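# Coordinate inspection notes
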Amino acid sequence: MDRVLNNTELRDEEFLINMGPQHPSTHGVLRLVLKMEGEFIRDLVPHVGYLHRSIEKIAENRTYNQFMPYTDRIDYCASMPSNQAWAVAIEKLAGIEVPEKAEYLRVIMTELNRIASHLIYLGVMSLDLGAVTPFLYTFREREWILDLFEMTCGQRLTYHYIRIGGVSRDIPPEFGKSLKAFVADFRKKLDDYEAILTENPIFLGRTKNVGVLPLDVAKDCGASGPTIRGSNFAWDIRKAEPYSVYPKLNFTIPTGKVGDVWDRYIVRIQEMRQSCNLAEQALDGLPESDVIRAKLPAVLKPPAGEVFSRIEAPRGEMGYYVVSTGDKKPYRVKIRTASYGNLQVLAPISIGWKIGDLVAIFGSLDVILPEVDR
Amino acid sequence: MTKEDIIRKLQDKFGSDLEVVQNNQPEPFVYISKDKYREFCRHVKTDPELDFDFLFQLAGVHYPMPSAGSGSSDERFEVVLSLSSHAKIHRMVAKVKLDIIDPEIETISDIWAAANWYERESMELFGIKFLHHPDPRPLLLVEDWEFGYPMRKGWTGPDFIPMPEK
Amino acid sequence: MGVIEKVPAYIEKIPGGGIVTTSMDWVLNQSRASSIWYMLFGLACCAIEMMATGASRYDFDRFGMIFRASPRQADLMFVAGTVTHKMAKRVKILHEQMAEPRYVIAMGGCACNGGPFYYDCYSVLKGIDKVIPVDVYIPGCPPRPESLMEGCLRLQEKIKREKLSDWSSDRKNA
C-alpha cells in the first residue's frame with residue numbers, strides 16, 4: 001500500500017494479445033499478434049496460412065477449363081471477376097477473340113458482382129462497428145442480385161459463368177426488366193444507407209482521421225483498388241489498361257481526400273453508384289446476336305509461352321502469371337490477388353491506435369483471407 | 001514508353017547482362033544475370049523514365065527438365081518479377097535464373113516493401129534462399145512442416161492424393 | 001392450442017392452475033432443440049451462405065438460432081468451409097471449449113470430405129470428422145440456404161430423440 005501511494009511513477013508493461021484465427025471481426029481466419037502498451041498498439045504481426053488450399057499446385061494438374069471453378073473459390077464474394085481474370089489471361093496467351101455480346105454480358109455480370117461484394121463489405125463493417133441494421137439491409141439488396149444471377153446461371157455464390165472464350169449461357173428474357181427495376185430501386189436504397197451512416201456522429205467519430213494511409217506506403221506495399229483510391233490517387237485498371245468493352249462505356253473513378261477509413265467507405269459507396277450506371281449502359285448496348293462463346297477445341301492447348309495479365313476486381317488488382325509448354329495443362333500458375341497487397345498495409349497504419357480502431361481499420365481494407373492464402 | 005524503348009534503354013545500361021525473350025506479348029520479358037539483380041531492380045525503380053514503382057508479384061518457378069517455351073532450356077529455378085508503373089502506365093516482366101541444386105539470391109524487400117511476403121512464400125514452398133531477408137519465417141504452411149518443398153515438380157508427401165488418370 | 005393436442009402427455013386440472021405431466025427427456029429435448037445458439041465459425045465460401053441464411057430473407061432467428069461469437073456461449077458449431085491442417089488444431093481446441101451438450105454440423109463439401117480440394121492438395125484436411133465428431137453433414141458447394149435449414153431441422157429431430165442418459169459422464173464419444 002505504501003509503495004502505491006508514494007510511488008508517483010507508474011510503469012506500463014508491454015504485453016502480447018492474440019486476436020486468434022476465430023474472431024468475429026477478422027473476416028475469416030486471420031491471426032493478429034498485437035504488442036500492446038496499455039490500450040495502444042505498438043506492433044502488429046499478421047499470421048496467415050490458415051486457409052492455404054494449394055490452389056497453385058492444383059492448377060498444374062487440371063486442364064485450363066477444369067481450373068475455372070477453382071478461380072471462383074479464390075475470391076468467393078466476387079466470383080465473376082475472379083473467373084474473368086483467368087479467362088482474360090488465357091485469352092491473352094492463346095490469342096482468342098471473344099464475341100462482342102459475351103463481352104457485354106461479362107461487363108454486366110462483373111459490375112453487378114462488384115455491387116454485391118461492396119454490399120458484403122458495408123454490412124460486415126457496420127456489424128463490426130456495432131450497427132446491426134445496415135447488415136440486414138445490405139443482405140436484403142444482395143438477395144435481389146443473387147436472384148438475377150440464379151436466373152442466368154443457376155448458382156448463388158460461385159458461378160463458373162464466365163468461361164474461356166465467352167460466357168456459358170445467354171440471359172433469359174426477364175433479366176433485362178428485373179435489372180432495370182433493381183437499379184432504379186438500388187439508387188434509392190443507397191441514399192438510405194448513406195442517411196444512416198455517412199453523417200452519423202458515432203460513425204464519424206470512429207472513422208474520421210483513423211488509420212490514415214499515406215500514398216507512398218500504399219504503393220510500396222502493393223495496395224490497390226479502393227484502398228489506394230481512398231488516398232487521393234485515381235488508379236483503376238479499367239481506365240489505365242482497359243480490357244473488355246470498358247473503353248466504350250462512360251464512368252468516373254471516385255477518390256478520397258485523406259486516406260482514412262471514412263474515405264475508403266465513401267469511395268466504395270460511390271463505386272456502387274458507378275457500377276449501377278455501367279450495368280445499365282452495358283444492358284442498353286447489348287448487341288443482338290446468338291454467339292456467346294468463341295469456337296474452341298474441346299481440350300484447349302495454348303501455344304508455349306508466358307503471359308502476365310491483370311484486371312480490376314472489387315478489392316483491387318487481380319492478375320495471373322501463367323507459363324505454358326503447349327500441353328493441355330499449365331506448367332506454372334501464379335495467382336496475384338488484391339488482398340495480398342492490401343493486408344501488408346495493415347501493420348504500418350495501425351501502430352498507435354487502440355483495438356477498437358484496429359477493427360475499423362481492418363474492416364475498411366476489405367480483406368478476404370482465401371485471396372491471401374490461396 | 002513502348003516495348004522497344006524499354007528494351008533499348010535497358011540494353012544501353014546493362015549490355016550483355018540482359019537477355020531479351022522473343023515473344024509476341026505486349027510487355028518486354030527480360031532475363032537479368034544474378035550479379036546485377038539488385039542493381040537492375042534499383043535502376044528500374046529510381047530511373048525517372050522507367051519509374052517502375054509497383055511490384056505486382058514475385059514468383060518462383062521450378063524447371064527440373066528442359067522445357068520449351070520459357071526462353072531457355074537449362075534445368076534451373078527462376079524468380080519472376082512483374083513490375084508496373086503508375087505514372088507511365090507500362091509493364092515489364094524480369095526474370096533471373098538460379099542454380100538447380102542450391103538456389104539462392106539477394107532479397108529486394110528493401111527496394112519494394114511488397115516483396116517481403118512474396119519472398120517468404122517462395123522460401124517455404126520452393127526452397128529458394130533469399131539472403132538478408134528481414135523476416136524469413138514461413139508464411140503459409142503449418143509451423144512444424146517437415147516434408148520438403150511442396151511446389152517443386154515431382155514432390156509427394158503425406159496426405160497428398162494425386163488425381164487418378166482416366 | 002395445437003401444441004397441447006400433440007403433446008404425449010396427460011393433463012390434469014387442479015384448482016389454481018393446470019399441471020402437465022410429461023417426461024423429463026421431452027421437456028429438455030424440446031427446449032434444447034428450440035433454442036440452439038450457433039457459433040460464428042465461417043472459414044471460407046460457405047460462411048457467406050451461413051451469413052445470408054441468418055440475414056433478412058432466410059431468417060435463422062425464427063428457429064431460435066442466434067449467433068454468438070464465443071464458444072463458451074454456443075451450442076452448435078457450423079464448420080463452414082475448408083479446414084486445413086494448420087486450422088485443424090484450433091478447431092479441436094474450440095470444440096473442446098464449447099460446453100456440453102454440443103453439436104457439430106459439417107457444412108459444405110469441403111467439411112464433409114475435402115470437396116473439390118481432395119486431389120492434389122497437400123494442406124487440406126479431408127473432412128472435419130477426422131478431428132471432431134459430426135452430427136449432421138450438409139453437402140453442396142456451397143449448400144443453398146434451404147439445404148442449411150433442412151440440416152438444422154434434422155439436427156432438431158436428432159436432439160429430440162436423445163435420452164438423459166446420453167449426456168451422463170459415462171458417455172465415451174463426447
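Residues numbered from 1 in each chain as written. Chains lettered and ligands numbered in written order. Predicted model: local features only at pLDDT ≥ 70, side-chain atom pairs only at ≥ 80, totals over all residues. Heavy atoms only, no water.

### Remarks on the interface of chain B and chain A
To keep it simple, the criterion reads: We call two residues contacting when some pair of their heavy atoms lies within 4.5 Å. What makes a salt bridge here is a side-chain nitrogen of Lys or Arg within 4 Å of a carboxyl oxygen of Asp or Glu, nothing more. Each polar contact in these results corresponds to two N or O atoms within 3.5 Å; when the atoms are within protein, one needs to be able to donate a hydrogen and the other to accept it, and residues that are neighboring in sequence are counted only if both atoms are side-chain atoms. Counting from the N terminus, the helices are the DSSP runs of H or I reaching at least four residues and the strands are the DSSP runs of E reaching at least two. Asp, Glu, Lys and Arg are counted as charged, while Ala, Val, Leu, Ile, Met, Phe, Trp, Tyr, Cys and Pro are counted as nonpolar; the rest, among them Gly, fall into the polar class.
Chain B puts 53 residues into the contact, and the matching count from chain A is 47 residues. Summed over the shared surface of chain B and chain A, the result is eight salt bridges. Among the ionic pairs, Lys334(A) bridges to Glu121(B), the shortest N-O distance being 3.9 Å. Counting every contact that joins chain B to chain A gives 18 residue pairs in polar contact (both at pLDDT 80 or more). At the level of elements, strand E3 (54–63), strand E4 (76–84), strand E5 (91–98) and helix H3 (115–126) of chain B are the ones that each hand at least two residues to the side of chain B that touches chain A. Here the side of chain B that touches chain A is built from residues that sort into 31 nonpolar, 11 polar and 11 charged.

### What to know about the sheet that holds strand E6 (residues 305–313) of chain A
Where strands meet in a sheet, backbone hydrogen bonds hold them as pairs that are either parallel or antiparallel. All names here are of chain A. Threshold: Any two strands with at least two DSSP-identified bridges between them are counted as paired. To get an axis, a line is fitted to the C-alpha atoms, and for a helix only the part in contact is used. The angle between two axes follows their N-to-C directions and goes from 0 to 180 degrees.
The antiparallel open sheet is built from three strands, whose spatial order is E6-E7-E8. Unpaired on one side and paired on the other, E6 and strand E8 (332–336) mark the two borders of the sheet. Shown here is a sheet whose adjacent strand axes are inclined to one another by a mean of 10°, direction ignored. With nine bridges joining them, E6 and strand E7 (residues 316–324) adopt antiparallel strand pairing. Bridging across to E7, Gly305 finds its partner in Ser324. Relative to E6, helix H4 (residues 79–94) is tilted by about 150°, and along the sheet it contacts E6, E7 and E8.

### Brief notes about the nonpolar core
Just so we agree on the cut-off: To form a nonpolar core, buried Ala, Val, Leu, Ile, Met, Phe, Trp, Tyr and Cys residues must be joined to one another through side-chain atoms within 4.5 Å. Residue burial is assigned from relative accessible area. The probe radius is 1.4 Å, only protein chains are included, and a residue is buried under 20% of its type maximum, exposed over 50%, and partly exposed in between.
Counting residues in hydrophobic clusters, the biggest one holds 158 residues, and the most contacted among them are Trp86(A), Leu112(A), Tyr161(A), Tyr320(A) and Phe40(B). Counting residues per element, this core draws most heavily on helix H5 (residues 100–129) of chain A, which supplies 13 residues. Apart from the residues lying within four places of it in its own chain, the contact partners of Leu112(A) are Ile145(A), Leu148(A), Phe149(A), Phe175(A), Leu179(A) and Phe182(A). One finds Cys77(A), Val79(C), Val91(C) and Val104(C) within the second-largest nonpolar core, a separate group that totals 31 residues.

### What about the sheet that holds strand E4 (residues 67–68) of chain C?
All names here are of chain C. Read from one edge to the other, the open sheet built from five strands follows the order E4-E3-E5-E6-E7, with strand pairing classed as parallel. One side of each edge strand has no neighbouring strand; the edge strands of this open sheet are E4 and strand E7 (136–138). Across two bridges, strand E3 (residues 38–39) lies against E4 in parallel orientation. Bridging from a neighbouring strand, Met39 pairs with Arg68 of E4. Where helix H3 (residues 45–54) meets the sheet, it contacts E3, strand E5 (76–80) and strand E6 (103–107), and its direction lies at approximately 135° from that of E5. Together, E5, E6 and E7 form the strand contacts of helix H6 (residues 145–160), whose direction differs from that of E6 by roughly 155°.

### Structural notes on H3(C)
Every α-helix winds through 3.6 residues per turn, so residues three or four apart in the chain are directed the same way. Judged by how many residues are buried, H3(C) sits mostly within the fold: eight of 10 residues are covered. The complete set of buried residues in H3(C) reads Cys45(C), Cys46(C), Ala47(C), Ile48(C), Glu49(C), Met50(C), Ala52(C) and Thr53(C). Where H3(C) is buried, its residues meet helix H3 (68–74), H5 and helix H6 (133–153) of chain A together with E5, E6 and H6 of chain C.

### With respect to the interface of chain C and chain B
Quoted interface sizes are often the accessible area lost when the parts come together. Stated formally: The term buried area refers to how much accessible surface (probe radius 1.4 Å) is lost by two components on association, counted for both of them together.
Taken together, the contact between chain C and chain B spans 11 residues of the former and 17 residues of the latter. Looking only at chain C, the three residues that lose the most surface to chain B are Lys86(C), Tyr119(C) and Tyr122(C), adding up to 54% of its buried area. At the junction of chain C with chain B, the criterion picks out two salt bridges. Run the count over chain C and chain B and you get four residue pairs in polar contact (both at pLDDT 80 or more). Looking at side-chain class alone, the side of chain C that touches chain B contains five nonpolar, one polar and five charged residues.

### Points about the confidence of the model for chain C
Note that predicted coordinates carrying low pLDDT should not be read in detail. All names here are of chain C. The cut-off we apply is this: pLDDT measures the predictor's confidence residue by residue and takes values from 0 up to 100.
Summarising the model, chain C shows a mean pLDDT of 83, and 84% of its residues fall at 70 or more. Of all secondary-structure elements in chain C, the lowest mean pLDDT belongs to strand E1 (residues 10–14), at 58, while E7 reaches the highest, 93. Interface confidence for the predicted complex, given as ipTM, is 0.91, next to a pTM of 0.90.

### Topic: the packing of H4(A) against H5(A)
All names here are of chain A. In plain terms, the rule: Angles are sorted into four bins: roughly parallel if under 35 degrees, roughly antiparallel if over 145, roughly perpendicular if 65 to 115, and oblique for all others.
Where H4 contacts H5, the axes come no closer than 8 Å and their chain directions differ by 140°. With respect to H5, the element H4 is oriented oblique. Touching Ser79, Met80, Pro81, Gln84, Ala87, Val88 and Glu91 of H4 are Arg106, Met109, Thr110 and Asn113, all from H5. Considered class by class, the residues forming the contact of H4 with H5 number five nonpolar, four polar and two charged.

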